[in-house]
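Fold and contact review
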Amino acid sequence: MEGVMVSTATGAMNSLLSKLFKLLSYEFNLFRGIRNEIEFLKHELSYMNALLHNLTNMEELDIQTHVWRNKVRELCYDIEDCIDIFMHHLGNNDEKAGLVHEATKMFKKLWVCHRVSKQIQQLKDRVVQENERRKRYKLDEGPSNSRVVEIDPRLPSLYAHDGQLVGVDGPRDTIIHWLIGDEGRGSSQQLKILSIVGFGGLGKTTLANSVFCKIKDKFDCTAFVSVSQKPNLPKILKDILSTIGGFMGDPDDNLQILIDKIRERLMYKRYLIIIDDLWSIPAWDTIKCAFVENNNGSGVITTTCIQDVATACCFPYRRHIYQMQCLDELYSRRLFFNRVFGTEDGCPEQFREISDDMLRKCKGVPLAITSIASILANRSMHVETWEKIRKSLGYELDTNPTLERMRHVLNLSYNDLSHELKTCLLYLGVYPEDHAIGKFDLVRKWIAEGFIREKHGLDPEEVAENCFNELANRSMIQPFFDDSDEEWSCQVHDLMLDLIILKCSEENFTIIIDRQFKMKDGASQVRRISHQSNNSNIALVVDKMSLSQVRSYNSFPAADCMPLLSKFEHLRVLDICSARIYMLCFICYKSSISPEPLLTKLGSSNLRDLDIVGCDSSATPTQFWDNCFTRPRNLQRLWLPKLSLPKVPNWMVHADRLENLKKLTVQELRHDDFLVLAQLPCLMYLFLEAKTIPERNTTVQSNTFPSLKKFHLWCELTRVTFEPAAMPRLQALRIALDGCGQGAVEPREGSPVAGIQHLACLEEISVVMHVKCGHGSSIESACGEAIFRHPISEAIQVHLECIEYDQNGHRVSTGR
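Residues numbered from 1 in each chain as written. Predicted model: local features only at pLDDT ≥ 70, side-chain atom pairs only at ≥ 80, totals over all residues. Heavy atoms only, no water.

This is how the line gets drawn: UniProt positions are given in the numbering used here, feature names are shortened, and annotations may be inferred rather than shown by experiment.
Looking at an unreviewed UniProt entry, one finds the protein named Disease resistance RPP13-like protein 3, with Panicum miliaceum as its source organism. Listed in UniProt under the heading Sequence similarities (unreviewed entry), the comment for the protein reads: "Belongs to the disease resistance NB-LRR family."

In structure tokens:
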């Protein structure tokens, strides 16, 4: 099936249709009744899906269409939940696990189950009712798309006088310097193109207009035109032509004729053109054809909130991209207090705390500051009134006319997203305000929820990462970088988060359980929960909710009063954060969690991805870790970064699909336990730390670790030996050996890492050894010789380091 599997636009419709097609394609004898039911659902839902896709292209829906769409989306979720139960009973949703072989028996068992068959009939009746409603209200004809023409929200920016501008002087002077700063010094007079890029509301139009007003007298002709999301290119070109004095009569809408006329007018002139509010590269590719390279020192400035558009405008002059910054605290306070009190020093003491909190929420975005300040300036000067506004800013954003401009700007950015990106963005509503959102966890949640569609040549992780990057590119999220300039987390601006939460509420996408939470109509159909309060009264309310249909449960940090896991029958994502444990689970398609306590049956479900961070393993008995899973046959990734287990858990032998084990720390690693890991057929990444290894020597036997690509080993060990054909796909090997204790590495024993030449695919190796004083040089030399026996040792990246310690355990400086 094409399109996003799960989205805000169509709910679970695409995912559901895919499963219905799959069920009907299996080659076994279905009972005529059940096949007919599924055929009916597939036919009717396919027609509904086509209508839903048409509705997604409508900017606004009338009330009855909006209600019908929401009911159909919820219906699809309910049907998919039912189908998931079918598929689970058919073979735990595993197409390769004897599904065809035992299909007849399983369907017969399912058919005679009165509860399930009755549910299917009820769902079919609901489908019939919604189709009748569709016909009755003639929804196929589509809702009226006529609407009142809105006032351009950029107009106030174009007519703001200098006294209203804050923090503009520095950026304006920088841009002017880029355009004309080097005149008279023999600099090139070629056409200069630069772009101003940044989040909506940062003041791009204001800055561009300030530059325009400051230097327009230095040019023979000038123009300032706005493009918008749905550009009328003939009108834009006519506006340019008219402004530069070349408009004669009513020219044709033919783009080529208009471009030729503009070029003719600009051919021998020095011109300055501002192209404001660009949203797409194709629009720029057409507009730029009108600009002449005439060596007269002309300039073009574009503004956009999309990084890729800015880059395309300035190519090949990438250094001429001006990245808008938020106002600092000084300028923010000046703008806010001037708007509210008429002077930056006029804030009464009783309003200081509230004002500071308001400014913190605005985070230096000028439009947000001026919009909120305008609300306060028009209200009575009472602390209670201000406090009420502070607590209800999300509601104010949705309803207050004063915030119309802010709402319009935010909606422009949101509406320009694809359905896939809209869905991914709305998922950020599960995170609390100012929360650092881990990129890696976020993209895996998107995948587990079914938001990411498959694309040719890319795995789901790559597609999801592209979605993350696109949201950053469009300034919808603010990425943060680690020391290697890799994006590792992001945050959402508070006002954008308010908009997201409003959209989530409108679409019944996520419910936030916080101190203001109240049970509302429709709450029983919630699909995603963000639990942000440990209030015991709220916990009682949540405990009464129907949670069987919940697909994502996130707590920040409300795990101490979370509902029983047994209530979640269709969970995909479980993110638990509390004082003793942080756990992140990804359960794809159907979890079928058994109603038993401590996560003991979770491994028998379709659990794919599990992180446990910060758990106090010393307070947890060994028996728990041995029995917390039964047969984790679908587990693909396990991350235990701060957890130390007594030994390799017994259930690890059943983790046949485990690909990534990062990281496993055990108090004791025995040879038999090491063999359990060595026999895992799909394991590609292993980060293993062992406090003690009784045997002192470890041999990696032939034909073990068949899929391993990266192996990191930290241990107190004398020697690691690789036999021929061991780890046949290993690319990266990192070993840290503690050879200072009992049975320490001795120089006469040769290299502590032997058999390197047998690792046929090795590309890099790092060995760090902690040895006794005086042994470092000879042991390092022996290790180097072992590595150089590899047939392609010259192509391998090698890092060797011996760290020496004296008899008291103090590190010794060797000068090497």
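1. Some thoughts on the pairing of strand β18 (residues 685–692)
Stated formally: Paired strands, in this sense, are two strands between which DSSP finds at least two bridges. Secondary structure is summarised from DSSP: a helix means a run of H or I of at least four residues, a strand means a run of E of at least two, and numbering begins at the N terminus for each. Throughout, right-handed denotes a crossover for which the path from the first strand over the helix to the second runs clockwise when the strands point away from the viewer.
Looking at chain direction, strand β17 (residues 660–668) and β18 are connected through six bridges and run parallel. Across the sheet, residue glutamate 668 finds its bridge partner in β18, namely threonine 692. Crossover β17 to β18 through helix α25 (residues 671–678) is right-handed. As defined by bridge partners, β18 adjoins strand β20 (residues 710–715) across six bridges and the pair is classed as parallel. Bridge pairing in β20 links tyrosine 685 to lysine 710.

2. Overview of the pattern of salt bridges
Put simply, the rule is: Any Lys or Arg side-chain nitrogen located within 4 Å of an Asp or Glu carboxyl oxygen qualifies as a salt bridge. Each residue is assigned to one of three classes by its accessible area relative to the maximum for its type, calculated with a 1.4 Å probe on protein chains only: buried under 20%, partly exposed between the two thresholds, exposed over 50%.
Going through the model one piece at a time under the given rule, you end up with 40 salt bridges. When the shortest N-O distance is used, the salt bridge between aspartate 253 and lysine 238 registers 2.5 Å. Of this pair, aspartate 253 sits in the loop between α9 (233–243) and α10 (255–266) while lysine 238 sits in helix α9, and the two are 15 residues apart along the sequence. The partly exposed category is assigned to aspartate 253, whose relative accessible area is 46%. Measuring nitrogen to oxygen at the nearest pair gives 2.7 Å for the salt bridge that ties lysine 363 to aspartate 434. Taken as a pair, lysine 363 in the loop between α14 (352–362) and α15 (366–377) and aspartate 434 in the loop between α19 (419–427) and β6 (437–438) lie far apart in primary sequence, 71 residues in all. Residue classification places lysine 363 among the partly exposed residues on the basis of a relative accessible area of 29%. Residue class for aspartate 434 comes out partly exposed when judged on its relative accessible area of 34%.

3. Points about the nonpolar core
A general feature of soluble globular proteins is that nonpolar side chains tend to end up buried together. Test applied: In this description, a nonpolar core means a group of buried Ala, Val, Leu, Ile, Met, Phe, Trp, Tyr and Cys residues linked to one another through side-chain atoms lying within 4.5 Å. Domain delimitation follows an automatic or database domain assignment. In what follows, a contact means two residues having at least one pair of non-hydrogen atoms within 4.5 Å.
Residues Ile196, Phe336, Leu425, Leu428, Trp446, Leu471 and Ile477 are the most contacted members of the largest nonpolar core, which totals 90 residues. Built from parts of two domains, this core gets at least three residues from each of domain 2 (168–323) and domain 3 (327–396). With near-sequence residues (within four places) excluded, isoleucine 477 lies in contact with Leu425, Leu428, Phe468, Leu471, Ala472, Cys490, Gln491 and Val492.

4. Let's talk about the packing of aromatic side chains
Keep this limit in mind: Classification of ring pairs rests on two measures: the distance between centres of Phe, Tyr or Trp rings, Trp counted by its six-membered ring, which must be within 6.5 Å, and the angle between planes, read as stacked under 30 degrees, edge-to-face over 60 and tilted in between. When the NZ atom of lysine or the CZ atom of arginine is within 6 Å of a ring's centre and also within 35 degrees of its normal, the charge is said to sit over that ring.
Considering all chains together, one arrives at 14 aromatic pairs under this definition. Ring geometry for phenylalanine 337 and phenylalanine 341: centres 6.0 Å apart, planes at 40 degrees, overall tilted. Residue phenylalanine 337 and its partner phenylalanine 341 are both found in helix α13 (residues 329–341); the two are separated by four residues, about one turn of the helix. Looking at phenylalanine 337, the relative accessible area reads 2%, which means it is buried. Pairing phenylalanine 341 with tryptophan 386 gives two aromatic rings, centres 5.9 Å apart and planes at 25 degrees, and the pair type is stacked. Note that phenylalanine 341 is positioned in helix α13 and tryptophan 386 in helix α16 (residues 383–391), a separation of 45 residues in sequence. Taken together through their ring pairs, the aromatic side chains of Phe336, Phe337, Phe341, Phe351 and Trp386 make up a single cluster. Seen from the ring of phenylalanine 219, arginine 270 lies directly overhead, with NZ or CZ sitting 4.5 Å from the centre. Sitting over the face of the ring of tryptophan 714, lysine 663 holds its NZ or CZ atom 5.8 Å from the ring centroid.

5. With respect to the packing of α9 against α10
Basically, it comes down to this: Axis geometry follows a simple rule: fit a line to the C-alpha atoms, using only the stretch in contact for helices, then measure angles between N-to-C directions, giving values from 0 to 180 degrees. Our angle categories are set so that under 35 degrees counts as roughly parallel, over 145 as roughly antiparallel, 65 to 115 as roughly perpendicular, and the remainder as oblique. A crossing counts as left-handed when the near helix is turned anticlockwise from the far one by less than a right angle, and as right-handed when that turn is clockwise.
Between α9 and α10, the least distance of the axes is 10 Å, while the angle of their chain directions is 20 degrees. On the basis of the axis angle, α9 is roughly parallel to α10. Where α9 crosses over α10, the handedness of that crossing is left-handed. Between α9, through Leu233, Pro234, Leu237, Lys238, Ile240 and Leu241, and α10, the contact on the second element is made entirely by Leu255, Leu258, Ile259, Lys261 and Ile262.

6. Side note on the sheet that holds strand β2 (residues 221–226)
Spatial strand order, β2-β3-β4-β1-β5: five strands in an open sheet with parallel pairing. The open sheet has two edge strands with one neighbour each: β2 and β5 (321–323). Between one strand axis and the next, the sheet turns by 15 degrees as a mean value, whatever way the strands run. Pairing of strand β1 (residues 192–197) with strand β4 (residues 299–304), which is carried by six bridges, proceeds in the parallel orientation. Bridged to isoleucine 196 within β4 is threonine 303.

7. Comments concerning the pairing of strand β11 (residues 552–555)
With burial as the criterion, each face of β11 is covered, one bearing Ser552 and Asn554 and the other bearing Tyr553 and Ser555. Pairing analysis gives four bridges linking strand β10 (residues 528–531) to β11, with the strands arranged parallel. Within the sheet, the bridge partner assigned to arginine 528 lies in β11 and is serine 552. The pairing of β11 with strand β12 (residues 573–577) spans three bridges and is classified as parallel. The residue of β12 that forms the bridge with asparagine 554 is aspartate 575.

8. Observations regarding the environment of arginine 527
Let me state the cut-off plainly: The definition of a polar contact used here is a pair of N or O atoms within 3.5 Å, where within protein one atom must be able to donate a hydrogen and the other to accept one, and adjacent residues in sequence count solely through side-chain atom pairs.
The residue arginine 527 is located in the loop between β9 (511–513) and β10 in this model. Once the C-alpha coordinates of arginine 527 and asparagine 508 are considered, the two residues, 19 residues apart in sequence, prove to be 7.9 Å apart. Among all residues touching arginine 527, those that are not within four sequence positions of it are Glu74, Tyr77, Asp78, Asp81, Gln549, Val550, Arg551 and Ser552. Within polar-contact distance, the side chain of arginine 527 engages the side chain of aspartate 78 at 2.8 Å.

9. So, a negative patch on the surface
What counts here: Residues with no salt bridge and a relative accessible area higher than 30% make up the patches, which join like charges within 9 Å and nonpolar side chains (Val, Leu, Ile, Met, Phe, Trp, Tyr) within 5 Å. Residue exposure ignores everything except the shown protein chains as possible cover, and the areas themselves are Shrake-Rupley values with a 1.4 Å probe. Lys and Arg are tallied as positive, Asp and Glu as negative. Neither His nor the chain termini are counted. In this description, the location of a charge corresponds to atom NZ of lysine, CZ of arginine, CG of aspartate or CD of glutamate.
A cluster of acidic residues, Asp459, Glu461, Glu462 and Glu659, forms a negative patch on the protein surface. On the secondary structure map, glutamate 659 appears in the loop between β16 (644–645) and β17. Glutamate 659 sits in the partly exposed class, given a relative accessible area of 32%.

10. A closer look at the side chain of threonine 370
Residue position: threonine 370 is located in helix α15. Beyond its immediate sequence surroundings of up to four residues, threonine 370 is in contact with Leu335 and Arg339.

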